[in-house]
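What follows is each chain in one-letter form.
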Amino acid sequence: MSFSITSCPCSLPSAIVHCYSCLYSFIVTLQSYLMLLITNSAYRVTYREHIRNKYTTIKDMNSRLGENVKLNSRYTKLIIVNEHRSKKQREHEIMALGRRHAEIMAERASPITIANLFESDRNGQSPQIVVLQGAAGIGKTLTAKKIMLDWANEELYQNRFDYVFYINCREINFVREQRSVEDLILENCPDQNAPAKEILMNPEKLLFIIDGFDELRFSFNQPSIQCSDPCEKQPVEIILSSLFRKKVLLKSYLVITTRPIALEKLWQCLKDERYAEILGFSENERREYFYKFFGNEEQARKAFNFVKDNEMLFTMCFVPLVCWIICTVLKQQMEAGEDLAQTSSTITGVYMHYLDSLLKGHSSTSKQQVQDNLKGLCSLAADGVWKKNILFEEEDVKKHGLDKPDSLFLNENMFQKGIDCECVYTFIHLSFQEFFAALFYVLEKEETEENSETAIQPVEKLFEKCEKSRNDLMLTVRFLFGLVNKKRMEEMEKKLSCKISPKIKNNLLTWVKEKLSLSLFKYDMLPFDEDTTILYFEYFHCLYEIGEREFVQRRKTELRSQVHGRGPKWHPSRYSP
C-alpha cells in the first residue's frame, strides 16, 4: 500500500478550513497504513510460528501413528551443483563404485547451497525462478521442507522474503474446484483470517515452493489461457501455469523441484530460470546421516563401517532414500541382537525395498501401468547390459514400449551436441540397470513379447558369457539369484502383480551346483589365477543372495579341504560373501 500528500485544492487564507479537512484525511490514511503495517507484521510472526510447528517434524515412511522425527535431526547436507555435466562425467558417475564413486561425487561439488540459490551469477544476474532437479529419492522434498523450516526459524532468506508458501504437486492433482493464487496462500496459513490482500501487495517479498512438478498431471499446453489477477479463481492448471510464466505476481520468486524426466514440459513454461541439481550425499555426509539416524554413536559407527566394507551398499548410500532403507534394516537387526555379517539384508533385498518404496509413493499409478512400465524398463535394461550401453536415446526407450519415459527409475540428461542439444536417458546408477536386467529374466513372458530387435540373449547365454569373457555380467547374475528367493518371489507377485517364471530358480541352482562341483572334483585341472578364483567365489555370492545357507556352508567346507595346503595366497575366506 502507498499513500501521498496531494496539493490542497483550496487557497490560503480564505479556505483554511478546507486545509484542515485535507490534513485530517491524510492523518486517517496514515493511521490506516500504519495499522496495516502492524497487522501484517504481527501476522507474519503468527505465520512463522505456524510454519515452524508444521515443518519441525517429519514422518518416516514406516512410522506408526503419532511417531515423528525432527527434521533437523535427520536432514543432512546434499551436494548441489549448478553446472551441466558432460556425457563422460555422467558415465563415470553411473559406473563408479565404492570410494571412487564418493570421490567423483565430491569432485562435482560447487559452492552452491540452499542459501545462495538466488544469488547473482558472474554476470550479475539474479534469477526469480530456480529449478531444483534430482533423481527419485535424492532428497528434493526434504530440501523443500528444510527451506520452509529454516525460513520460519529466521535462519534463511530473512531480508529477502516476508512469506514462503509450500505447494505439494501430488496433493494439488486431486483439487477439482477452481482456485486462485490467494486461495493457495490461504491454504498455507493457520486460518482463513490471514491478511491475504495485504500479503499480495508486495509480490517481490513472496517465495512459492512448488514441490514435485513431475507428478503434476496437467499438460500446460495452453499458454494463451492465463490469469493475471491473484484473486481470480481458475482451474489449478491455469493458476500454476500463470505463476510459472510470470503472468501473475510478476515479481514473486519460485523454487520448483522436479525429476529430470519432466524438464522438457517445465522448460516450455519458464523464462530466465536457473537450474541446480541435487547429486546426493558425499562420503562425509553419508557418515553424518548414519550418526544422525541411529542417535547412538556405537551403533552408528558399527553400521557405517559394515556398509563401507560393502562396496555396493556404500555406493548406493549416495541416494538418501536408499541410505534410509539400509539404516532402517540395520537398526532393526541390531535391536534384535542379530549379527550384521550373518543376517544383514542382501544387495537384492535393499534394491527391492527401494523399488517398493518408490512405487508406494506413486500409488495413483494403476497396476497395469506398473506392470507395463516395469516390463519396458527390464527389457531396456537387459538390452543395454548386453550392448554395454548405459546412455539411451529416446528412440531406444520407445523401442521397449516406453512411449513416455516417465519411469521413476530413468533420468533425463541434456548434453551439448555440436550447436544443438541432445536428450539421453540413464538409470540412476549402473547397478540399477543390472538389477532391472536380472528382473527381465525372472518375470514370466508371453510368447508375443519376444522382441527380435534387441540384443538380449537367453539366460543360458548369460551364464556362458559371464564365465568366459563378460565378467561385467556377474552382478546381473547375482541379482538374478537374489530375486528368486522364495519369500521375495511371493512379495513381487503380491505387490507388483507380476508372474514369476517357475523354471528360473531350478535352472539357476543346477547351473551353480555344476560349476562348484567342477571346481571341487577337477580342481587340479583348473587354471589357478586370481580371475578364476574370484569367479568361483562369485558363485558363493550368488548363493548368499538366494539364501540357500546350508548348501553354501557345505560347499565352503568342502572347498576349504580341497585348497588347504595348496600354497598360493588365495583363500576362500577372502571371498566369502
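The name an unreviewed UniProt entry gives the protein chain is NACHT domain-containing protein, with Chelonoidis abingdonii as the organism. Turning to the protein chain, the UniProt record has this under Subcellular location (unreviewed entry): "Cytoplasm".

Undergrad: Can you explain the pairing of strand β4 (residues 129-133)? Please cite residues and give values.
TA: Across the five residues of β4, five count as buried, placing the element largely inside the fold. Neither face of β4 is exposed, since I129, V131 and Q133 on one face and V130 and L132 on the opposite face are all buried. Bridge count between β4 and strand β7 (residues 253-258): five bridges; the pairing is parallel. Counted as the bridge partner of I129 is L254 from β7. In terms of strand pairing, β4 meets strand β8 (residues 274-280) through four bridges, oriented parallel. By the bridge assignment, Q133 is partnered in β8 with E277.

Undergrad: I'd like to hear about helix α14 (residues 320-335), residue by residue, with values.
TA: Counted at 1.5 Å a residue, the expected span for α14 with its 16 residues is 22 Å, and the 22 Å between its end C-alpha atoms agrees. The element α14 is extensively covered by neighbouring structure, given that 13 of its 16 residues are classed as buried. Backbone geometry just downstream of α14 places G337 in the positive-phi region, at approximately 75 degrees.

Undergrad: How would you summarise the packing of helix α17 (residues 367-387) against helix α19 (residues 430-442) if you had to cite specific residues and measurements?
TA: Where α17 meets α19, the closest approach of the two axes is 7 Å, and the angle between their N-to-C directions is 110 degrees. Classed by the angle they form, the pair α17 and α19 counts as roughly perpendicular. The two elements α17 and α19 meet at a crossing, and its hand is left-handed. Contacts between α17 and α19 involve L374, L377, C378, S379, A381, A382, G384, V385 and W386 from the former and Q433, E434, F436, A437, L439, F440 and Y441 from the latter. In terms of residue class, the contact of α17 with α19 is built from 12 nonpolar, three polar and one charged.

Undergrad: Tell me about the pattern of salt bridges, residues and numbers included.
TA: A complete count under the given rule lists 16 salt bridges for this structure. R170 serves as the salt-bridge partner of E215, at 2.6 Å between the closest nitrogen and oxygen. Placement of the pair is E215 in the loop between β6 (206-211) and α9 (236-244) and R170 in helix α6 (residues 169-172), with a sequence separation of 45 residues. Residue class for R170 comes out partly exposed when judged on its relative accessible area of 37%. Across the pair K399 and D383 runs a salt bridge, and its minimum N-O distance is 3.9 Å. Taken as a pair, K399 in helix α18 (residues 394-399) and D383 in helix α17 lie far apart in primary sequence, 16 residues in all. Classification of K399 as partly exposed rests on a relative accessible area of 27%. Linked by salt bridges that have partners in common, E177, R179 and E187 make up one network.

Undergrad: Requested: an account of the environment of M489, with residues and values cited.
TA: Relative to the elements of secondary structure, M489 occurs in helix α22 (residues 486-495). Separated by 11 residues in the primary sequence, M489 and I500 place their C-alpha atoms 7.0 Å from one another. Apart from the residues lying within four places of it in its own chain, the contact partners of M489 are L483, V484, I500 and S501.

Undergrad: Give me the lowdown on the packing of aromatic side chains, citing residues and values where you can.
TA: Evaluation of the coordinates by the stated rule reveals 29 aromatic pairs. A centroid spacing of 6.2 Å and a plane angle of 25 degrees characterise the contact between F290 and F294, whose relative ring orientation is stacked. With F290 and F294 both in helix α11 (residues 283-294) and four residues apart, the pair spans about one turn of that helix. Residues F290 and F294 agree in their burial class; the two are buried. Taking the relative accessible area as the measure of exposure, F290 reaches 0% and is therefore buried. Of the aromatic side chains, those joined through ring pairs into one cluster are F281, Y289, F290, F293, F294, F304 and F314. Over the ring of W151 we find R48, and its NZ or CZ is 4.1 Å from the ring centre. A cation sits over an aromatic face here: R217 above F174, 5.1 Å from the ring centre.

The rules behind each value
Residues numbered from 1 in each chain as written. Predicted model: local features only at pLDDT ≥ 70, side-chain atom pairs only at ≥ 80, totals over all residues. Heavy atoms only, no water. UniProt positions renumbered as here; feature names shortened; annotations may be inferred. Buried < 20%, exposed > 50% of the residue type's maximum accessible area, 1.4 Å probe, protein only. Helix = DSSP H or I, 4+ residues; strand = E, 2+ residues; numbered from the N terminus. Pairing = 2+ DSSP bridges. Expected span 1.5 Å × (residues − 1). Axes fitted to C-alpha atoms, helices over the stretch in contact; angles between N-to-C directions. Parallel < 35°, antiparallel > 145°, perpendicular 65-115°, else oblique. Left-handed = near helix turned anticlockwise from the far one by under 90°. Contact = heavy atoms within 4.5 Å. Nonpolar A, V, L, I, M, F, W, Y, C, P; charged D, E, K, R; others polar. Salt bridge = Lys/Arg side-chain N within 4 Å of Asp/Glu carboxyl O. Phe/Tyr/Trp six-rings, centres within 6.5 Å; stacked < 30°, edge-to-face > 60°. Lys NZ or Arg CZ within 6 Å of the ring centre and 35° of its normal.

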